[in-house]
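Here are the chains, one letter per residue:
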Amino acid sequence: MSAPLVTEAEAAATAPATEPAVGTRSAWRTFFRQPSGLLAAAVLVVMVLLAVFAPLIADEPGGTSPDVLRSPSGGHLFGTDDLGQDIFAQVVWGTRTSLLIGVAASLIAIVLGTAIGLASAYFRRVDAVGTVVTDVMLALPTLPLMIMLAAIVNPSVWTLTVIIGVFAWPEVARLIRSQGLVVSAMPYIDGARVLGASGWRIVTREILPAVVPLIVVSVLLTASRAVISEAGLSFLGLGDPDAWSWGRILLNAQRSGVVAIAWWQTLFPSLAILLLVLAATVAGMRFNDIRDPRRNGG
Amino acid sequence: MSRTFSGRTRRWRVAVALGAAAALGLSGCGLNEGNSSSGEGSGGDAVLRVGTTTDVSNFNPLQSLSKTDSWILNAMYPHLLRIDENAKKAPELAKEYTYTDGGKTAVFTLRDDFTWTDGKPVVAEDVKFSAESIMKYKLGNVAAKLTWVTSIEAPDATTVKFHLSQPYAPFAEGVGFWMSIVPKHIFEGAGDLSKFANDSNWVGAGPFVLESATKGQRYVMKRNDRYPLAPGGKPAVGKVEFRLYPDVNTMMLALRNGDIDLMGTPVPASAAKTFANDSKIKLAKVGALGFAHLTYNMNNKDLARQEVRQALSMAVDTKSIISSVLQGDAREMSGPISPIFADYDNTEIQPYPFDPAGAKAKLAAAGYKDGDGDGLFDGLDLGVACDQSNANITRVVQLFRESAAKAGIKLTNECVERNTFLSRTKDGEYDIDASQWGVFDNPMDQLRSTYLSSNPGGINYNLLKSPEIDRLIDDAAGTTDPAAFATKIKNIDKVVHEQAYLTPLYVENFQFAYNASKFTGFVASPSDLLGMVTAYSLAQVKPVG
């Protein structure tokens, strides 16, 4: 698993006090003014459109046809597999599963990670336990554990989502906690406490808003990792056998022994994974950049 | 077999093993790089390198064996009989066998020229010891085949007599083919043979004997210089080396690159054209001794109904499965008896036609209703379990699910990781089992292991308990007259077909690829378990030139 691209030091350096200076609207304007940010966002939008309108773009892959293992042509843009099914249709339908799992798993990770991170940042007693649990989770070999769990439960889109989400939260928690610690040491938090605000109110109304930009970045990065995890598990045969996913197209190619003779069956789903992960990562990095006071002359 | 662990515990154990295997697998990549040894070599020192996908999991030939286990151990430990290229039994250690005493005694006459690699001759006492050990410790699948044995005699060095409690027609065939003969003077000192690992200092009497084993990489076997079934009394190849390639794509590339000389596992039908333009690589085609099937769990309330099973049989398009998934390289079947057993296959019965509309009408007549108008019968939701690593079966399940939907039957694809699948199969946790039977050497043993309620072979995947079927099978088993026996088998074929306990899918042809510019003389036997790497075949192989 890749390390989070936003380091704790960087996160801590991003003082929340600078947030109001970079207004939301101008932040987005800065984001889109960079070609890489614009391109990444465009790729993500196209992917989402593909996923939503998959039934309009291509029929759900199924059945058999005599056009077995045809290379890419006008009739079959991405070629066909060993049953004669269209790879383009499989990639388009695979976008649905990959995006769904990516987004849903990252939401699970964000909710868990933010809750644990903020609680650890503000409540000292929670911190002792929360930090240890987070460290233990970070030290676990995630991939073998996910393989193990996926083998026990019945593979489906939802079980995969939960498994991936549950293993992705610790990095988010650590990130949120480190910035939460900076924020909770600020004078205005002391002020809120003096005025009699409850712990719950301080965490949800004062600290949470200050870490929201960091959460947005985390969503993108976690989602891209989740997409890779899903493809990996599906490739190992632990995915949902009823849902098309990019990993499953690769698995089909590997299992039927056509990797050497049908390059199109591995190239196009791999490109799709690359594009999505790259776009999400670049978008996350650019978004992180616009909050960085050093880059904005703040 | 003791069942100490509950299904859940076993599943955890499987999962832990899987996790560990995955972790190890990551570090195991590229194990086959940088091999310096090569298949070249003059005359008697030639090394035949065979690709395989799995490690040897067990070196004790008396226990149940996986594919790689049986390739290596069958080359070391002789069997009384072998299966030849025409799927018929042929002599190996035994010259011949006869029945006396009204079919209640089977007498094997052994050859006198087999020798263990430590110099001692292979004698009748070795056969007696092997069979008695299997019975004592209930080892492997052979134990079930020795059920009727009351005593074993070895009156001289080349005669073995099995006394049976009742006549059982295919006794000698089954035991002769499946039972490994082990050296008594080595194994008797090992104590409890169910716990004997036999993982070093091997002594064998086959054409090759293991010299070294490196888990995850290779198994090297050296020639037995006294093997009477090889031309000239000893194999022409000096060493056989099994190399591990967990992925079939890599194995095919290794063959093309000249890293191996033979693929032990068959080439997938879809990938056969990989070798189309390679003049050095030849493909040998053999039939199967098993078949692919959908088997229905009778403990499921819907599947317990004959109409539902028949409707499901009508919702599988076997013809299109054969033409697409197997590229036409397979035969259709109608009942549970494979056309390989031509004498016993009931040719009067016809496969259920592919007719989704007819299946729908059948289910409607049986009282199933589609109240919510979604095109699927209410409450009829069945899972199809399969092994995710079997390329053909996973494709079949995918197509079956689509065609069954047209008949109003909702199927859920439950193809899972192999070990999970095996443990679920063992615990009966499935509705429909989609899998492939490897080797049935005779129809009687097949029917006994798949349909008897006592489940002696452990593969009654129907979990069928039918007094009627039990009676028919027991009746046939005790019939010694060959013609009457065949008639009874044909009748069971018909009954099982009418009941639709299973939907047979296809009998596959297997293709084995080898480097014909280096080696020649393979004698391929049917099935992917035997294929090109039987003891007999390895003994006949010779280097080219």
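Residues numbered from 1 in each chain as written. Chains lettered and ligands numbered in written order. Predicted model: local features only at pLDDT ≥ 70, side-chain atom pairs only at ≥ 80, totals over all residues. Heavy atoms only, no water.

Attention now goes to the state of the cysteines. Where two cysteines share a covalent bond between their sulfur atoms, that bond is called a disulfide. Residues and elements named next belong to chain B. According to the stated counting rule, one finds one disulfide over all chains in the structure shown. The disulfide that involves cysteine 386 links it to cysteine 415, with 2.1 Å between the sulfurs. A torsion of 110° about the S-S bond marks the disulfide between cysteine 386 and cysteine 415 as right-handed. Taken together, the residues span a long stretch of sequence, with cysteine 386 in strand β15 (residues 381-387) and cysteine 415 in strand β16 (residues 410-416) at a distance of 29 residues. (Disulfide = S-S within 2.5 Å. Helix = DSSP H or I, 4+ residues; strand = E, 2+ residues; numbered from the N terminus.)

So, about the interface of chain A and chain B. Contacts between the two partners involve 36 residues from chain A, matched on the other side by 40 residues from chain B. Considering only the side of chain A, the residues that lose the most area to chain B are A:Ile152, A:Asp242 and A:Arg255, jointly responsible for 21% of the buried surface there. Where chain A meets chain B, there are three salt bridges. Here A:Asp242 and B:Arg401 are joined by a salt bridge, their closest N and O atoms 3.3 Å apart. Joining chain A to chain B, the criterion identifies 14 residue pairs in polar contact (both at pLDDT 80 or more). Elements that contribute at least two residues to the side of chain A that touches chain B include exactly α7 (142-152) and α11 (246-255) of chain A. A per-class count over the side of chain A that touches chain B returns 21 nonpolar, 10 polar and five charged. (Contact = heavy atoms within 4.5 Å. Buried area = accessible area lost by both parts, 1.4 Å probe. Salt bridge = Lys/Arg side-chain N within 4 Å of Asp/Glu carboxyl O. Polar contact = N/O pair within 3.5 Å; in protein donor to acceptor, adjacent residues only side chain to side chain. Nonpolar A, V, L, I, M, F, W, Y, C, P; charged D, E, K, R; others polar.)

Strand pairing in a sheet is mediated by backbone hydrogen bonds. Such pairs are either parallel or antiparallel. Residue and element names in this part refer to chain B. Pairing in this open sheet of four strands is antiparallel, and the strands run β4-β5-β7-β6 from one edge to the other. The open sheet has two edge strands with one neighbour each: β4 (94-100) and β6 (149-156). Here the average twist between neighbouring strands, direction ignored, is 20°. Where β4 and strand β5 (residues 105-110) come together, six bridges link them in antiparallel fashion. Across the sheet, the residue bridging to threonine 98 is valine 107, located in β5. Its contacts with the sheet place helix α3 (residues 124-137) against β5, β6 and β7 (159-164), and it is angled at close to 165° to β6. (Pairing = 2+ DSSP bridges. Axes fitted to C-alpha atoms, helices over the stretch in contact; angles between N-to-C directions.)

What follows covers the sheet that holds strand β14 (residues 330-331) of chain B. All names here are of chain B. In spatial order, the strands read β14-β18-β13-β17-β15-β16; together these six strands make up an open sheet with mixed pairing. Two strands close off the open sheet at either side, each with one partner strand: β14 and β16. Judged from the five bridges that link them, strand β13 (residues 292-296) and strand β17 (residues 432-436) form a sheet pairing that is antiparallel. In the sheet register, threonine 295 faces β17, and the bridge partner there is aspartate 433. Helix α8 (residues 306-314) contacts β13, β15, β16, β17 and β18 (502-508) of the sheet and is inclined by roughly 155° relative to β13. Each of β13, β15, β16, β17 and β18 touches helix α11 (residues 391-406); the most contacted strand, β16, lies at about 165° to it.

Before going further, it helps to examine the pairing of strand β8 (residues 208-214) of chain B. Regular strands show a simple pattern: their side chains alternate between the two faces of the sheet. Here six bridges tie β8(B) to strand β9 (residues 218-223) of chain B, and the two strands are oriented antiparallel to one another. Across the sheet, the residue bridging to B:Thr214 is B:Arg218, located in β9(B).

Moving on to the UniProt feature "domain: ABC transmembrane type-1" (unreviewed entry) in chain A. In this structure's numbering, the residues bearing the UniProt feature "domain: ABC transmembrane type-1" (unreviewed entry) are residues 95-284 of chain A. Taken end to end, residues 95-284 of chain A has its terminal C-alpha atoms 20 Å apart, with 84% of it in helix and 0% in strand. (UniProt positions renumbered as here; feature names shortened; annotations may be inferred.)

With that out of the way, let us pick up the environment of B:Val203. Residues and elements named next belong to chain B. Among the secondary structure elements, valine 203 is positioned in the loop between α6 (184-187) and β8. Separated by 21 residues in the primary sequence, valine 203 and valine 182 have C-alpha atoms spaced 8.8 Å apart. Contact partners of valine 203, with chain neighbours within four places excluded, come to Tyr77, Trp116, Thr117, Asp118, Pro183 and Ile186.

Residues and elements named next belong to chain B. Burial of β17 is extensive: four of the five residues sit out of reach of the surface. Summarising the sheet, β15 and β17 pair through two bridges and their orientation is parallel. Residue pairing across strands places valine 384 opposite isoleucine 432, the latter belonging to β17. (Buried < 20%, exposed > 50% of the residue type's maximum accessible area, 1.4 Å probe, protein only.)

Attention now goes to the UniProt feature "domain: Solute-binding protein family" (unreviewed entry) in chain B. Per the UniProt record, "domain: Solute-binding protein family" (unreviewed entry) is found at residues 91-456 of chain B. Taken as a whole, residues 91-456 of chain B contains 27% helix and 22% strand, while its terminal C-alpha atoms sit 27 Å from one another.

A separate point is helix α7 (residues 248-257) of chain B. Taken together, the buried positions of α7(B) are B:Val248, B:Asn249, B:Met251, B:Met252, B:Ala254 and B:Leu255. Looking at the buried positions of α7(B), the neighbouring elements they touch are α11 of chain A together with β1 (47-52), β11 (262-263), β12 (281-286) and β19 (510-515) of chain B. At the exit of α7(B) stands B:Gly258, carrying a positive phi of roughly 85°.

All right, on to the pattern of salt bridges then. Enumeration according to the criterion identifies 31 salt bridges over all chains in this entry. Through salt bridges with shared partners, a single ionic network connects A:Asp81, A:Asp82 and B:Arg395.

This part covers unusual backbone geometry. In most cases, non-glycine residues show a negative phi, while peptide bonds are predominantly trans. All names here are of chain B. Its identity is not glycine, yet asparagine 455 carries a phi of approximately 50°, on the positive side. Turning to its location among the elements, asparagine 455 is positioned in the loop between α13 (443-451) and α14 (467-477). Even without glycine at this site, serine 527 takes up a positive phi of about 85°. Mapped onto the secondary structure, serine 527 falls in the loop between β20 (519-520) and α16 (535-540).

Attention now goes to the side chain of A:Thr114. Residue and element names in this part refer to chain A. Note that threonine 114 resides in helix α5 (residues 87-122). At 2.6 Å, the side chain of threonine 114 and the backbone oxygen of isoleucine 110 are in polar contact. Those residues in contact with threonine 114, other than ones at most four positions away along the chain, are Ala109, Val172, Ile176, Leu208 and Ile215.

To continue, consider the side chain of A:Asp127. Residues and elements named next belong to chain A. When you line up the elements, aspartate 127 lands in helix α6 (residues 124-139). You can call aspartate 127 buried: its relative accessible area is 10%. If near-sequence neighbours (up to four positions away) are discounted, aspartate 127 is found in contact with Ser120 and Arg177.

Another point: the confidence of the model for chain B. Residues and elements named next belong to chain B. Residue-level pLDDT values for chain B average 89, and 92% of them are 70 or greater. Mean pLDDT across the elements of chain B bottoms out in helix α1 (residues 7-27) (48) and peaks in β7 (97). This model gives residues 1-7 a pLDDT under 50, and the stretch forms seven contacts once residues within four places in sequence are excluded. Low pLDDT, under 50, characterises residues 20-42; the stretch is placed with 23 contacts to residues that sit more than four places away or in other chains. The ipTM value of the predicted complex is 0.79, and its pTM value is 0.82. (pLDDT = per-residue confidence, 0-100.)

Residue and element names in this part refer to chain A. A cluster of nonpolar side chains, Val45, Val48, Leu49, Val52, Phe53, Leu56 and Ile57, forms an exposed patch at the surface whose accessible area comes to about 640 Å². With four residues, the single largest contributor to the nonpolar patch is helix α3 (residues 35-52). Along the chain, valine 45 turns up in helix α3. (Patch = residues over 30% accessible without salt bridge, like charges linked within 9 Å, V, L, I, M, F, W, Y side chains within 5 Å. Areas by Shrake-Rupley, 256 points an atom, 1.4 Å probe, with all protein chains shown as cover.)

Here the focus is the packing of aromatic side chains. In this structure the tally under the stated criterion is 25 aromatic pairs over all chains. Between B:Phe291 and B:Phe440, the aromatic rings sit 6.5 Å apart at their centres with planes inclined by 45°, giving tilted as the arrangement. Pair noted here: B:Phe291 is in the loop between β12 and β13 and B:Phe440 is in the loop between β17 and α13, with a separation of 149 residues, a long-range link. For the pair shown, B:Phe291 and B:Phe440 are each scored as buried. When the centroid spacing of 6.4 Å and the interplanar angle of 65° are considered together, the rings of B:Tyr368 and B:Phe377 count as edge-to-face. Classification of B:Phe377 as buried rests on a relative accessible area of 8%. Through pairs of rings, three or more aromatic residues link up here, namely A:Phe78, A:Phe88, A:Trp263, A:Trp264 and A:Phe268. The residue whose ring lies beneath B:Arg82 is B:Tyr536, and the NZ or CZ to ring-centre distance is 3.5 Å. (Phe/Tyr/Trp six-rings, centres within 6.5 Å; stacked < 30°, edge-to-face > 60°. Lys NZ or Arg CZ within 6 Å of the ring centre and 35° of its normal.)

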